[in-house]
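For reference, the chains in residue letters:
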Amino acid sequence: MKSGNSLASAELARRIRIHALRMTNLGGGSHIGSIFSCADILAALYGGILNVDPAEPASPARDRFVLSKGHAGGGLYAVLAETGFFPVEKLMTHYQDGSQLSGHVSHELPGVDVSTGSLGHGLSIAAGMACAGLIRSSSHRVFCLLSDGECDEGSTWEAAMFAAHHRLSNLIAIVDYNRIQGIAPVSDVIGLEPFAAKWTSFGWSVREIDGHDHGTLHSVLASIPFDPGKPSCVLANTVKGKGVSFMEDTVLWHYRVPRGVEFDAALAELEEHL
Ligand SMILES: Cc1ncc(C[n+]2csc(CCOP(=O)(O)OP(=O)(O)O)c2C)c(N)n1
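Here goes a summary of the coordinates provided. A quick note: this is a predicted structure, and the numbers were derived from the prediction, not measured.

## A look at empty space enclosed by the protein
For the coordinates displayed, the defined rule picks out two cavities of 30 Å³ or more. The wall of the largest cavity is formed by Tyr46, Leu50, Val52, Asp53, Pro57, Arg62, Asp63, Arg64, Phe65, Phe85, Gly111 and Asp113. Tallied by class, the residues present in the lining of the largest cavity amount to six nonpolar, one polar and five charged. Estimates place the volume of the second largest cavity at around 30 Å³. Of the residues contributing to the lining of the second largest cavity, the split by class is seven nonpolar, one polar and one charged.

Structure below.
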């Protein structure tokens with residue numbers, strides 16, 4: 001049975017997916033599969049884990065969140081709007097000329113600290129923010145959501161070494177492990193297994209979870225840091241395109257724009273569930 005927290009967070013994830021579907025349909029740009037893959041993680045973070053306040057988005061004490069897989073910006077915008085950082089109506093300007101809601105994440109919006117989208121940089125930025133927090137004895141934490149494709153990049157592992165060396169226990173990497181990149185499965189590009197063992201050997205404390213299970217997301221993310229003096233890594237096993245049957249686990253829906261009958265069918269599935 002789902003607790004109140006995880007029920008609310010599952011409903012938030014469903015709203016993120018519905019907004020993102022409409023936003024990508026209207027804007028004519030996508031990464032819908034990437035957004036659906038991490039919608040549950042975003043919902044869990046903003047639905048009770050992150051210490052953030054839409055009334056005071058720049059509070060020095062706030063937890064920081066870096067969406068390193070910045071091409072899923074539509075999902076971040078949707079959860080920020082749903083949790084009160086800006087009006088929900090603004091979401092429909094996504095991908096439009098002159099909009100603050102660019103396809104990749106823009107820090108022009110309240111609640112966003114870092115512009116992202118050039119893959120492979122987010123963990124380095126997050127590690128720097130976490131290091132600064134420790135130096136200043138601040139209690140805030142820094143959460144970074146990465147894609148598996150970014151773990152094929154050397155910069156990610158350099159940041160991982162830095163974080164362990166500096167004992168950044170206020171840093172949390174969540175990897176959206178959907179096993180598909182932009183044009184091929186991860187295993188065909190550069191395989192990551194044994195993935196958990198890699199993070200462990202780099203000095204991180206690791207938990208492997210189902211990244212769509214809200215109860216597990218909440219309980220694991222609430223138990224950070226997993227070990228004193230170590231950065232924490234959550235390997236979240238996910239399905240690209242999760243939530244719409246014909247989009248799930250397909251490379252095609254990494255960037256295809258949902259239109260016409262496909263849009264209608266996807267919306268019907270999302271509106272039916274929960
Ligand atoms: C440095 C860089 N190179 C290329 C791209 C273009 N690009 C956008 S998404 C993507 C791959 C997506 O796969 P993955 O990183 O695993 O993310 P997922 O959407 O599956 O979560 C690429 C190569 C980019 N954004 N940044």
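Text resumes after the structure shown.
## Details of the site of the ligand
Close to the ligand lie 15 residues, the nearest being Ser34, Ser147, Asp148, Ile180 and Lys240. Taking Gly182, its main chain carries an N or O atom lying 3.5 Å from an oxygen atom of the ligand. For the ligand, the protein covers 71% of the area, taking 580 Å² as the surface of the free molecule. Grouping the constituent residues of the shell around the ligand by class yields two nonpolar, ten polar and three charged.

## Some details on the packing of helix α2 (residues 32-49) against helix α8 (residues 214-221)
Between α2 and α8, whose axes approach to 10 Å, the crossing angle comes to 55°. When the axis of α2 is compared with that of α8, the two are oblique. For the pair α2 and α8, the sense of crossing is right-handed. Along its contact with α2, which presents Asp40, Ile41, Ala43, Ala44, Leu45, Gly47 and Ile49, the element α8 presents His214, Leu217, His218 and Leu221. Looking at side-chain class alone, the contact of α2 with α8 contains seven nonpolar, three polar and one charged residues.

Each value, and the rule that gives it
- For every chain, the first residue of the written sequence is number 1, and numbering continues from 1 along that sequence.
- Given that the model is predicted, a residue must reach a pLDDT of at least 70 before its local features are reported, and side-chain atom pairs must reach 80 or more before they are shown or counted; all residues, however, enter totals for whole chains, interfaces and linings.
- Derived side-chain values reflect all non-hydrogen atoms in the structure, with water molecules and hydrogen atoms excluded from consideration.
- Put plainly, a pocket is an open set of points on a 1 Å grid over the protein atoms alone with protein on both sides within 12 Å along at least five of seven lines, a cavity is a set where a 1.4 Å probe fits but cannot get out, and a lining residue has an atom within 4 Å of a point.
- Grid points are joined across faces, edges and corners, and a volume is the space filled by probe spheres set on the points.
- Each residue receives one of three labels: charged for Asp, Glu, Lys and Arg, nonpolar for Ala, Val, Leu, Ile, Met, Phe, Trp, Tyr, Cys and Pro, and polar for the others, Gly being one of them.
- The cutoff for a nearby residue is simple: one of its non-hydrogen atoms must lie within 4 Å of the molecule or strand.
- Think of a polar contact as two N or O atoms within 3.5 Å of one another; within protein, one of them needs to be a possible hydrogen donor and the other a possible acceptor, and neighboring residues in sequence only count if both atoms come from side chains.
- Under the convention used here, a 1.4 Å probe and the Shrake-Rupley method define accessible areas, while residue burial counts only the protein chains that appear.
- An axis is simply a line fitted to the C-alpha atoms; with a helix, the fit covers only the stretch in contact. Between two such axes, the angle follows the N-to-C directions and lies from 0 to 180 degrees.
- Numbering goes from the N terminus for both helices and strands, where a helix is a DSSP run of H or I of at least four residues and a strand is a run of E of at least two.
- In these notes the angle categories are as follows: under 35 degrees is roughly parallel, over 145 is roughly antiparallel, 65 to 115 is roughly perpendicular, and the rest is oblique.
- Handedness of a crossing follows from how the near helix is turned relative to the far one, being left-handed for an anticlockwise turn of less than a right angle and right-handed for a clockwise one.
- We call two residues in contact when some of their heavy atoms are within 4.5 Å.

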